[in-house]
Amino acid sequence: MVEAVIQYLLTGLSAGSVYGLIALGFYVMWSAAKAVNFTYGEMFMLGGVLTVVLMELGLPLPVAALTAIAAAALAGAVIERVFVRPFNQESNAIGWMLTTIAVGIMIEASTTATYGPLGRPLPSPLAEEPLRIGGSGIYPQELLLPVAAILITLALEFFYRRTVLGRAMRAVSFNRVAAGLVGIDADRITLLAFAMAGALGALAGFLVAPVIQASASMGVIVGLKGFMVAIIAGIANARGVVVVGILYGIAEKLIEGFLSTAARDAIGFTLMILLLLLFPQGLFGRAEVRKV
C-alpha cells in the first residue's frame, strides 16, 4: 500500500510538472497579449514529433531537439501574427479563439497524415533504467520534468524583473497604449512572447516524449489540462500555475490508482469546475482594478 502511494506521488509529480510547463506557456502569452494560442497543445506535440523525425533523418539528439524547439518558436510567432493579432484588435475580441482552435485541428490532422497515428519512441539514456525510491520506480527522465518546471519558473521571474526586455513585456501587459507612448513596440513584444511560449511548449514535449512516446495526438488533452490549470491557478501567476499543475497531476494519479482511469478525468474536471466556482480569479489570482 505504501509503495503504491509513493508510486502514485512520483508519477503524479511527473505528470503535474508537464501540466505546469504547459500552463507557464499560457502565462507567458497572456502576460503580453491578454490572449492565448489554443494550438498550444500542438506546440507541445511538435517538440516530441519533430525531434523523433529529425533523429530518424540522422541528426543527433541535441541538434534535433534544438531544431524542433526553434521550429515551434517560429510557429508560435507566425500564429500570433497571422491568426491572433488581426482578431484581437478590440478589448473584448474573441475571434482569436476560433482561429487558433481551427489551426490546431489542422496541424494535428496534417501531422497524423504525414507522421502516422501511432506513437514512436524517442531514445533517451535517462529513460532506460528506472530509479528505485521506497520500492517504487521512476525514470530519471521523469524527474527532469519538475526540475525543468522549477528552473523555468525562476528564470521567467528573473527575466521579467531584471531584464529590459522582460520589463517591457510587463509594461505591455499592464497598459499596452501607455507602453507604446514610451517607445515600446507592443506588437513586437507580443510576437516575442508567443515565440517564447512556443519554445517552452516544445521543450515540454521533448522532455516527456521518451516516457510516453511521440504521437500526433499527444498534445490534445495535455494542452486542455494545461490551460485549465492556468485558469484555476490564476493565469498571471507563474509560481501558482506550476504549483497547481503539480497538485493536479498528483490528484489525477491518486484517483486513477485507487478508483479507475475513467474516473480520473471525470473527477479531475469536476474538481476544477468547483475550484473555479469558489475562486473565480484563480487560487493565486487577484481581481484587476481599473480606473475610470
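Please read all numbers here as calculations on a predicted model, not as lab measurements.

Rules used throughout
Residues numbered from 1 in each chain as written. Predicted model: local features only at pLDDT ≥ 70, side-chain atom pairs only at ≥ 80, totals over all residues. Heavy atoms only, no water. Helix = DSSP H or I, 4+ residues; strand = E, 2+ residues; numbered from the N terminus. Rg over C-alpha atoms; globule rule 2.2 N^0.38 Å. Buried < 20%, exposed > 50% of the residue type's maximum accessible area, 1.4 Å probe, protein only. Contact = heavy atoms within 4.5 Å. Core = buried A, V, L, I, M, F, W, Y, C linked by side-chain atoms within 4.5 Å. Patch = residues over 30% accessible without salt bridge, like charges linked within 9 Å, V, L, I, M, F, W, Y side chains within 5 Å. Areas by Shrake-Rupley, 256 points an atom, 1.4 Å probe, with all protein chains shown as cover. Salt bridge = Lys/Arg side-chain N within 4 Å of Asp/Glu carboxyl O.

Chemist: How would you explain the overall build of the protein if you had to name every residue and give the values?
Modeler: Across its full length, the protein carries 11 helices and 2 strands. Ordering the α and β elements of the protein from the N terminus gives α-α-α-α-β-β-α-α-α-α-α-α-α. For a compact globule of 292 residues, the expected C-alpha radius of gyration is about 19 Å, and the protein comes in at 19 Å, within 12% of that figure. Taking the principal axes of the C-alpha coordinates as reference, the protein spans close to 60 × 50 × 35 Å. By residue count, 47% of the 292 residues in the protein fall in the buried class. At a minimum sequence separation of 6, the contacts of the protein that also span at least 24 residues come to 73%.

Chemist: Can you explain the side chain of Ser124? Please cite residues and give values.
Modeler: Within the secondary structure, Ser124 is located in the loop between helix H4 (95–115) and strand S1 (131–133). Not counting residues up to four positions away in its chain, the partners in contact with Ser124 are Gln141 and Pro210.

Chemist: Report on the nonpolar core, specifying residues and quantitative values.
Modeler: Core analysis: the biggest nonpolar cluster contains 69 residues, and Leu21, Leu24, Phe26, Tyr40 and Phe44 have the highest contact counts within it. Ranked by residues supplied to this core, first place goes to helix H1 (residues 2–33) with 12 residues. Setting aside its immediate chain neighbours within four residues, Leu24 contacts Ala149, Ile152, Thr153, Leu156, Leu200, Ala238, Val241 and Val242. Listed in part, the 7 residues of the second largest apolar core include Ile69, Ala72, Ala73 and Ala199.

Chemist: Before we move on, can you summarise a nonpolar patch on the surface with the specific residues and values?
Modeler: Together, Met1, Phe258, Leu259, Ile267, Leu271, Ile273, Leu274 and Leu277 line one region of the surface with nonpolar side chains, adding up to about 840 Å² of accessible area. Element by element, the count of residues in the nonpolar patch is highest for helix H11 (residues 261–278), at 5 residues. With respect to the helices and strands, Leu274 occurs in helix H11. On the accessibility criterion, Leu274 (45% relative accessible area) is partly exposed.

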